[in-house]
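Chain by chain, the residues run as shown.
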Amino acid sequence: MKIEIVSCLNDNYSYIIQDELTNTVGVVDPSEFKSIDDIIFNKYQKLDYILNTHHHNDHIGGNQDLKKKYKAKIVASKIDKDRIQNIDLYVDEDTKFNLGNIAFQILFIPGHTKGHIGFYSKEEKIIFTGDTLFSLGCGRIFEGTFEQMFSSIKKIKKLPKDTKIYCGHEYTKSNYEFCKTFDTTNKELPKKKLWIEDRIKKGLPTIPVTLEEECNTNIFLRCDNIALKKELKMEDSSEVLVFQRLRNLKDQF
Ligand SMILES: [Fe+2]
């Protein structure tokens, strides 16, 4: 399987995926038409599927023009049926969706929006997390509750640790600044900082990252960490309360 990372708009990532065996081509969250079309037209000359994690414009902006030009099928959540136009294939928690020979399982991960989904392939060890989980961060809670968002993040956390995470934005550097401010004893963070700076200097994305790396560095995946809870003076609080506190702090950061 081939995955191509496409930088779109200010800091969005869209992903072009190809199952080489069957020459099936898809795009995850096309923010805009042109940057995707340039690659699709020059390299693949076809687009079979458009996969949307949620309805926000910076994730679906290219949908209609790409659909029109390539007759691609839009795959999205049932819950977003009134907010994403011309969906061809409605999917839901645990729906199986095949892109050629690549089997995707849909994870329902609401919180950022009420219809947010992730596309997970166990065999390929990848997940497209949209705006639910970023490298070193998580999405803002626009439509859900803290409990919902936290349980969505925990669902991702339970996947095999070598799963590669492909998220919707390049926010890693600013997310790092937040993590290091509140997770000061985390020894993995200084190493991560050097790596992030090196990637940015070379003009390369900081995506993908493995879930294992994220569990060691992403503060929102560490709400059960004793040292972190101590720093927040929340030793006796539940994980979800720690999450709520961190999300509120991040909103004001
Ligand atoms: Fe979003």
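Each residue is numbered by its place in its chain's sequence as written, counting from 1. Totals for whole chains, interfaces and linings use every residue, but because this is a predicted model, local features are given only for residues with pLDDT of at least 70 and side-chain atom pairs only at 80 or more, for both listing and counting. To obtain the side-chain values, all non-hydrogen atoms of the structure were included, while hydrogens and water were left out.

Undergrad: What should I look at first to understand the overall build of the protein in this one?
TA: Where helices and strands are cited, they refer to DSSP runs of H or I of at least four residues and of E of at least two residues respectively, numbered from the N terminus. Looking only at helices and strands, the protein features 9 helices and 14 strands. With respect to the principal axes defined by its C-alpha atoms, the protein has extents near 55 × 40 × 30 Å. For the protein, long-range pairs separated by at least 24 residues make up 59% of all intrachain contacts whose partners lie at least 6 apart in sequence. Each accessible area is a Shrake-Rupley estimate made with a 1.4 Å probe; only the visible protein chains count as cover when residues are assessed. For the protein, the accessible area works out to roughly 11500 Å², and carbon and sulfur atoms hold 49% of it. One finds the centroid of the 39 positive side-chain charges in the protein at a distance of 1 Å from the centroid of its 38 negative side-chain charges. Any pair of residues with heavy atoms lying within 4.5 Å of one another is described as a contacting pair. All tallies of charge rest on Lys and Arg as positive and Asp and Glu as negative; His and the ends of each chain are not included. Positions of charges follow a simple convention, taking NZ of Lys, CZ of Arg, CG of Asp or CD of Glu.

Undergrad: Looking at this structure, I do not really get the nonpolar core. What am I missing?
TA: Nonpolar side chains tend to gather and get buried jointly when the protein is soluble and globular. Among the nonpolar cores identified, the biggest contains 32 residues, and I219, F243 and L246 are the most heavily contacted of them. Contributing elements (two or more residues each) for this core: α4 (146–157), α5 (172–182), α6 (188–201), α7 (211–217) and α9 (239–252). Excluding residues that lie within four positions of it along the chain, F243 makes contacts with C138, I141, F146, M149, F150, I153, F220 and C223. One finds I17, V75, L99 and I106 within the second-largest nonpolar core, a separate group that totals 21 residues. Here, the term nonpolar core denotes a set of buried Ala, Val, Leu, Ile, Met, Phe, Trp, Tyr and Cys residues that are joined through side-chain atoms within 4.5 Å. Each residue is assigned to one of three classes by its accessible area relative to the maximum for its type, calculated with a 1.4 Å probe on protein chains only: buried under 20%, partly exposed between the two thresholds, exposed over 50%.

Undergrad: Would you explain α6 in this entry?
TA: Every α-helix carries 3.6 residues per turn, so stepping three or four residues along brings you back to the same face. Here, expected helix span is obtained from the residue count minus one, scaled by 1.5 Å. Look at α6: 20 Å from first C-alpha to last across 14 residues, which is about the 20 Å you get at 1.5 Å a residue. The inward-facing, buried residues of α6 abut α5, β14 (209–210) and α7. Of the residues flanking the end of α6, it is G203, one or two places downstream, whose phi is positive at about 70 degrees.

Undergrad: Could you clarify how one ought to interpret the sheet that holds β14 in this entry?
TA: Within a sheet, each strand pairs with its neighbour through backbone hydrogen bonds, oriented either parallel or antiparallel. At least two DSSP bridges between two strands are needed for those strands to be called paired. Read across the open sheet, the 6 strands follow the order β7-β8-β9-β10-β13-β14; overall the sheet is mixed. Among the strands making up the open sheet, the edge pair consists of β7 (96–99) and β14. Note that strand β8 (residues 102–108) and strand β9 (residues 117–121) share 4 bridges and pair antiparallel. Considered in β9, the bridge of Q105 is made with Y120.

Undergrad: Explanation requested: the environment of P30 in the structure shown.
TA: Within the secondary structure layout, P30 lies in the loop between β3 (24–28) and α1 (33–44). For P30, a relative accessible area of 0% gives the class buried. The spacing of P30 and S14 is 16 residues in sequence and 5.3 Å in space, taken between C-alpha atoms.

Undergrad: Can you help me understand the sheet that holds strand β6 (residues 89–91) in this one?
TA: Across the sheet, 6 strands lie side by side as β1-β2-β3-β4-β5-β6; this open sheet has mixed pairing. Each having just a single partner strand, β1 (2–8) and β6 make up the two edges of the open sheet. Strand-to-strand twist in this sheet, taken as the mean axis angle between neighbours without regard to direction, amounts to 20 degrees. Bridge analysis of β1 against strand β2 (residues 12–19) gives 7 bridges, and the strand direction is antiparallel. Think of each axis as a best-fit line through the C-alpha atoms, taken over the contacting stretch in the case of a helix, with angles from 0 to 180 degrees between the N-to-C directions.

Undergrad: Explanation requested: the pattern of salt bridges in the structure shown.
TA: A side chain with one charge can pair with a side chain of the opposite charge if their charged atoms come near. The term salt bridge refers to a pairing of a side-chain nitrogen on Lys or Arg with a carboxyl oxygen on Asp or Glu at a separation within 4 Å. Under the defined criterion, the tally for this structure stands at 22 salt bridges. Among the salt bridges present, the one from K154 reaches E239, with a minimum N-O distance of 3.6 Å. With a gap of 85 residues between them, K154 in helix α4 and E239 in helix α9 connect regions that are remote in the sequence. Classification of K154 by relative accessible area gives partly exposed; the value is 31%. A network of salt bridges, in which partner residues are shared, links D80, R83 and E143.

Undergrad: Would you take a moment to explain the coordination of the iron ion for this structure?
TA: Six octahedral donors around a metal ideally sit at 90 or 180 degrees from one another, while four tetrahedral donors ideally sit at 109.5 degrees. Metal coordination here is assigned from N, O and S atoms located within 2.8 Å of the ion, or within 3.2 Å for Na, K and Ca; omission of water means that sites may look incomplete. Ligation of the iron ion by protein atoms is provided by H54 (NE2), H56 (ND1), H112 (NE2) and D131 (OD), these donors lying 2.2 to 2.3 Å from the ion. Geometry at the iron ion is irregular, judged from the 4 donor atoms that bind it and their angles of 87 to 175 degrees at the metal. All geometry calls rest on donor angles, where a four-donor set with angles between 85 and 135 degrees is tetrahedral, four- and six-donor sets with opposite donors more than 155 degrees apart and all others between 65 and 115 are square planar and octahedral, and all else is irregular.

Undergrad: Even after reading the chapter, I still don't get unusual backbone geometry, so can you show me in this structure?
TA: Peptide bonds are mostly trans, and most non-glycine residues show a negative phi. Omega for the bond connecting I207 with P208 falls within 30 degrees of zero, at 0 degrees, which places this linkage in the cis form. With respect to the element layout, P208 can be found in the loop between α6 and β14. A positive phi angle is found at Q45, which is not glycine, with a value near 55 degrees. Counting through the fold element by element, Q45 comes out in the loop between α1 and β4 (49–51). With a relative accessible area of 54%, Q45 lands in the exposed category.

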